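Architecture and fold: a report
The lines below spell out each chain.
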Amino acid sequence: MTVTRNNFDATLANSHIVLIDWGAQWCEPSHRFAEVFSASANLHPEIVYGTVDIDAERQLTEMAGVSAYPTLMAFREGLLVYSEAGALPAETMEGLVQQIRWLDMDQFRRELAQLSASVSVGEPEQPPTTIAYQKRAGHAAVTDRYGWPGL
């Protein structure tokens, strides 16, 4: 699915889990990762896999803060739970998908609320968004384990 500025919000609002690959036609790492991303989409048809062409969607790319390609973003229940630049190997991609599936969203929302509260009372400035959760999904590093994290 091609994600554009026109369908970005609706895609997130209408889908439980959304993975978005931000890439460029001229970028060799983007081409390599596109194969891994496509294979993952074939394994998980219940998850929405979208791509953003950063050249065609410059405004959306800028709004998302994407500056390196490829960048993978994962959203669950409309919230950004993962964002990292770089092409992932297939095994790491699969581990990430499993972590996003098992992510404790109640705990994630509590942590997000605490982050927002700390910003509003004047503690060191951090964005009151999920940006603080970049480079991780859930509470563990990406692994090849499946099932409930910590088991």
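Check the entry above for the structure.
Residues numbered from 1 in each chain as written. Predicted model: local features only at pLDDT ≥ 70, side-chain atom pairs only at ≥ 80, totals over all residues. Heavy atoms only, no water.

A short note on the sheet that holds strand E2 (residues 48-53)
Convention followed: Only strands joined by at least two bridges in the DSSP assignment are considered to pair. Every helix listed is a DSSP run of H or I at least four residues long, and every strand listed is a run of E at least two residues long, numbered separately from the N terminus. Structural elements are reduced to axes, namely lines fitted to C-alpha atoms, with helices fitted over the stretch in contact, and the angle between N-to-C directions of any two is expressed from 0 to 180 degrees. Two residues qualify as a contact provided that any one of their heavy atoms is within 4.5 Å of a heavy atom in the partner residue.
Pairing within the open sheet is mixed, and its 4 strands lie in the order E2-E1-E3-E4. Each edge of the open sheet is held by one strand with a lone partner, namely E2 and strand E4 (79-85). Taking each pair of neighbouring strands and ignoring which way they run, the sheet shows an average axis angle of 20 degrees. Of the strand pairs in this sheet, strand E1 (residues 17-23) and E2 are connected by 6 bridges, and their pairing is parallel. From the neighbouring strand, Leu19 faces E2, where its bridge partner is Tyr49. Across the sheet, helix H2 (residues 28-43) lies against E1, E2 and strand E3 (71-76), angled at about 160 degrees from E1, the strand it touches most. In this fold helix H4 (residues 90-102) packs onto E1, E2, E3 and E4, with an angle of close to 20 degrees to the strand it touches most, E3.

Details of the environment of Val81
Selection rule: Using a 1.4 Å probe on the protein chains alone, a residue whose accessible area is under 20% of its type maximum counts as buried, one over 50% counts as exposed, and one in between counts as partly exposed.
Turning to its location among the elements, Val81 is positioned in strand E4. A relative accessible area of 1% places Val81 in the buried class. Placed 19 residues apart in sequence, Val81 and Ile100 show a C-alpha to C-alpha distance of 7.7 Å.

What about unusual backbone geometry?
In this structure, the amide linkage connecting Tyr69 to the following residue, Pro70, adopts the cis form with an omega of -5 degrees. Relative to the helices and strands, Pro70 resides in the loop between helix H3 (58-64) and E3.

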